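Understanding the architecture of this molecule
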Amino acid sequence: MAIGAFPQNATNPKLGTNKVEDVVSAMTLKEKVWLLVGMGDEAWKKPADGQKSVMLGDAAGLTYAIPRLGITPAVLTDGPAGLRIKVEQELAPHPFYCTAFPTATALASTWNAALVENVGKAMGNEVLEYGSDVLLAPAINNQRNPLGGRNFEYYSEDPLIAGKLSAAMIRGIQSNGVGTSLKHFAANNIETNRNTVNAVISQRALREIYLRGFEIAVKEAQPWTVMTSYNRINGFYTSENHDLLTTILRDEWGFKGMVMTDWWGGKDAVAQMNAGNDMLMPGNHQRDELINAVNNKLLNEDVLNQNVSRALAFIMKTPRFRGYALSYTPDLKAHAQVAQNAAVEAMVLLKNDKTALPFASNVKRIALFGKTSYRFIAGGTGSGEVNYEKAVSIDEALANNGYKLLQPLSDLYKNFIDTVIANAKPQPWPWSKKTVVDFHPELALSQSQINDQVKNSDIAVITIGRNAGEGADRKVENFSLSQTEKDLIKNVASAYHAAGKKAVVVLNIGSPIAITDWRDDADAVLLAWQPGQEGANALADILKGKVSPSGKLAETFPVKYEDVPSANTFPGEPKDNPVNAFYNEGIYVGYRYYSTFKVPVAYEFGYGLSYTTFQYSDITLNNDKNNINVSVKVKNTGKIAGKEIVQLYVSAPTTEIEKPTQELRAFAKTGLLKPGESETVSFTLTNRDLASFRTDLSSWVADKGTYEVRIGASSNDIRQKVSFDLPQTVVVEKVHNVLYPNMFINELSTRTKGK
Ligand code: BGC
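One structure accompanies this document, and this report is about it.

Quick notes on the rules
- Residues numbered from 1 in each chain as written.
- Predicted model: local features only at pLDDT ≥ 70, side-chain atom pairs only at ≥ 80, totals over all residues.
- Heavy atoms only, no water.
- Helix = DSSP H or I, 4+ residues; strand = E, 2+ residues; numbered from the N terminus.
- Rg over C-alpha atoms; globule rule 2.2 N^0.38 Å.
- Buried < 20%, exposed > 50% of the residue type's maximum accessible area, 1.4 Å probe, protein only.
- Contact = heavy atoms within 4.5 Å.
- Areas by Shrake-Rupley, 256 points an atom, 1.4 Å probe, with all protein chains shown as cover.
- Lys, Arg positive; Asp, Glu negative; His and termini not counted.
- Charge placed at Lys NZ, Arg CZ, Asp CG, Glu CD.
- Pairing = 2+ DSSP bridges.
- Axes fitted to C-alpha atoms, helices over the stretch in contact; angles between N-to-C directions.
- Parallel < 35°, antiparallel > 145°, perpendicular 65-115°, else oblique.
- Left-handed = near helix turned anticlockwise from the far one by under 90°.
- Nonpolar A, V, L, I, M, F, W, Y, C, P; charged D, E, K, R; others polar.
- Arc of directions from axis to C-beta.
- Salt bridge = Lys/Arg side-chain N within 4 Å of Asp/Glu carboxyl O.
- Right-handed = clockwise from strand over helix to strand, strands pointing away.
- Core = buried A, V, L, I, M, F, W, Y, C linked by side-chain atoms within 4.5 Å.

Some words on the overall build of the protein
Across its full length, the protein carries 23 helices and 28 strands. Taken against the 2.2 N^0.38 rule, which gives 27 Å for 755 residues, the C-alpha radius of gyration of the protein at 26 Å falls within 12% of a compact globule. Along the longest, intermediate and shortest principal axes, the C-alpha atoms of the protein span 85 × 65 × 50 Å. Going through the 755 residues of the protein one by one, you find that 65% of them count as buried. The long-range fraction of contacts in the protein, counting pairs at least 24 apart against all pairs at least 6 apart in sequence, stands at 78%. In the structure as shown, the protein presents an accessible area of about 26800 Å², 50% of it carried by carbon and sulfur atoms. Each charge class in the protein was averaged separately, 79 positive and 79 negative side chains, and the resulting centres sit 3 Å apart.

Things to note about helix α7 (residues 203-210)
The periodicity of an α-helix, 3.6 residues per turn, causes residues three or four places apart in sequence to face the same way. Taken across its 8 residues, α7 has 8 buried, putting it largely inside the fold. Among all positions of α7, only Gln-203, Arg-204, Ala-205, Leu-206, Arg-207, Glu-208, Ile-209 and Tyr-210 are buried.

Side note on the sheet that holds strand β26 (residues 705-712)
Here 4 strands make up an open sheet; going across it, the order is β22-β21-β26-β27 and the pairing antiparallel. In this open sheet, the two edge strands, each paired with only one partner strand, are β22 (663-669) and β27 (718-726). When strand polarity is set aside, the average angle formed by the axes of neighbouring strands in this sheet is 20 degrees.

Topic: the packing of helix α18 (residues 447-454) against helix α20 (residues 483-498)
Two packed helices can be described by the angle between their axes and the distance between those axes. One can describe the packing of α18 onto α20 by two numbers: an axis separation of 9 Å at closest approach and a directional angle of 40 degrees. Comparing their axes, α20 and α18 come out oblique. Classified by chirality, the crossing of α20 by α18 is right-handed. Across the interface between the two elements, Gln-447, Ile-450, Asn-451, Gln-453 and Val-454 of α18 pack against Asn-491, Val-492, Ala-495 and Tyr-496 of α20. Tallied by class, residues from the contact of α18 with α20 come to 5 nonpolar, 4 polar and no charged.

Examining helix α11 (residues 287-295)
Buried within α11 are the following residues: Arg-287, Leu-290, Ile-291, Ala-293 and Val-294. Buried residues of α11, seen end-on, are gathered within an arc of 160 degrees and therefore sit on one face of the element. Backbone geometry just after α11 places Lys-297 at a positive phi near 60 degrees.

Here's the deal with the pattern of salt bridges
One pass over the structure, following the stated rule, counts 43 salt bridges. Note that Arg-144 and Glu-585 form a salt bridge whose closest N and O atoms lie 2.5 Å from each other. Taken as a pair, Arg-144 in the loop between β3 (134-135) and α6 (159-174) and Glu-585 in the loop between β17 (580-582) and α22 (591-596) lie far apart in primary sequence, 441 residues in all. Each member of the pair Arg-144 and Glu-585 is classed as buried. Close ionic contact of Glu-215 with Lys-219 constitutes a salt bridge, the shortest N to O distance being 2.7 Å. In this pair, Glu-215 and Lys-219 are both assigned in helix α8 (residues 212-221), 4 residues apart and thus about one turn of the helix distant. By relative accessible area, Lys-219 is classed as partly exposed at 40%. Bridged by salt links that share partners, the residues Arg-150, Glu-153, Glu-191, Arg-194 and Glu-470 form one connected network.

A short note on the environment of Pro-146
Within the element layout of this structure, Pro-146 appears in the loop between β3 and α6. It is 9.4 Å that separates the C-alpha atoms of Pro-146 and Val-476, two residues lying 330 residues apart in sequence. Discounting residues that sit within four places of it in the chain, Pro-146 has contacts with Asn-151, Arg-474, Phe-479, Ser-511, Pro-512, Glu-555, Tyr-561 and Val-564.

What to know about the pairing of strand β4 (residues 179-185)
Among the 7 residues in β4, 7 count as buried, and that is most of the element. Across 2 bridges, the pairing between β3 and β4 is parallel. Bridge pairing in β4 places Val-134 opposite Gly-179. Running through α6, the crossover from β3 to the neighbouring parallel element β4 is right-handed. The sheet contact formed by β4 and strand β6 (residues 225-228) spans 3 bridges and is parallel. Among the inter-strand pairings, Ser-181 is bridged to a residue of β6, identified as Thr-225.

Comments concerning the nonpolar core
One finds Ile-71 and Phe-185 to be the most contacted residues of the largest nonpolar core, which totals 140 residues. Per-element accounting of this core gives the leading share, 9 residues, to α6. Sequence-distant contacts of Ile-71, that is, excluding residues within four places in its chain, are made with Leu-15, Val-23, Met-27, Leu-35, Tyr-64, Ala-65, Ile-66, Leu-312 and Ile-315. In terms of nonpolar packing, the next biggest core, distinct from the first, is built from 77 residues, Val-363, Ile-462, Ala-495 and Ala-503 among them.

So, in structure tokens, the structure goes:
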């Protein structure tokens, strides 16, 4: 049959009725290729049969429909903090608002898999009811450097947290019968030159850090799809790398779904097809290239058949294929409550001197400083931004909770914000005129403007904000507070302290910032992260003491940027236009570095205060044939109900190879413990949890020797310890010797020193 013809034949097999192989056999080469490359901008400009009505405004992508074979189109939409679609939809009966949930970094700080799964359920329900088939989320790359522009979309510096919590997110979203796309596979840690940068990484660092979270999520939750990243790893684009997508992802990990590119990712469509990158998104410009490649015998049609089969298996799962009747009315009210509950558990109390928080009962009038107090940053910019109806601001949330705010101060800031927005030039994507406020310097206040507020208020709250998003990394200057911000904190605090009143700092940020050069001025510091549209309501719950904070850091706050192990090599070489990024810190990412090399930090991994206190006792350890079972008792010894995050670190023998001093191997969050109440928390470890990656053996190996299990309230605050011996070395798993570096890496080592 001539290429280009779309045959109409009554005997056509139908997807869902006939076998997938029969449908594939009935497809023309053109149909196969068109299915695999996505509709690109034709999704909007020239929709094929029956497709116009399915295309959601601002959806990210659409797959090609082939009605004669019963192949329905699939709509793909962002993103990690909630469904990202246009509010005003062409044929829609009413505005399509979506819920902005806490960003992934905030969700990770809950350390609560059940909570994250529940967020996923609510998020996936909006995907389903508004007519999308796949949410392009979760995003789980490691937070390697605090300047990473997309860090807010990612979970943690630690792959166990990222893997476990994203698995929960996937289960929650997919429980609605819609798909996910676990992204960006892999080592997508740099936004500068993101489409080309080559991440040069050792095999061990890849296996233990950069692939590990994906491995856990794939094995535990089977996302419908995986999205490859833009960057190269050790010379090859991830989307063109057979070792990554077939040898590791499918053969080693047992991934059953479909792989798609990131939007316009990679260069060579034939290599992508051969690698097992089934679908090219948003697609369509590669059609001729692929058809010609098959005709010229540069691409085997069997490869296309295999990729098409996976695409069809994916399509058969979609709500559109199943004929789901859309309601267009997800329960946004209920979802707002889910978002608020999650935000409450995400916030991390960093400092609380002399019980500055919760507000004492005599606090009735609040002076709110900082532009971010009046323009809340619910989430970051770019494809991770959600079009919500309203993000409650901190001033509104406090007023709704019965506090009196100072009108002249509010007016001062609101006028400032209005002027910034009015004077803003139209912004290129992904910024908007509104987000310009977030990037604008803080309003400087004179001491007398500050002093004027003191007598009219019982406490000062100063909000510091930071925004970022895809396409650009943050600048080093952005890591530190500006002089205006530091002056604001200092001057407000000294004015309030002089009057015997307190000053509290709230951080509405997506990634760590410098803290030690101003924190002494503040009585309390509450890290709110970018906690979604209901974040300010959650913040009010914590400030007034309705709920005790229970979040802990899933990312270290270093003292200064220069302390970050990748500070010298980020974003890459050359710095202003990076071609290669040498991951010289190897496995020593985040706390693995700070604790092993004894570098002091501002707040360590796993850190977070509470309004109550917890006592740890009665650690037990039992070995059975395959498992090590550890339990510990946690008791609320304070006066307020609270939840505690219990962290299990393992310090492994280093006779064969070097290892970080300790690594997180399990974690759990207690239920809400009343004062005096206890809970016994249990963990099960397998040999795999003890293993490190041996590059020379291409294997995960648990070395014989003594292992110390450390139960901590943070990575530095170890409360209970117990040791056991592994009598024999165990090769837990042999894997393939693939993804080796294409260049020399001057890798950090405890044995050779230096970074
Ligand atoms: C981003 C992805 C996103 C895609 C579709 C890309 O620029 O990197 O995370 O899912 O666009 O919007």
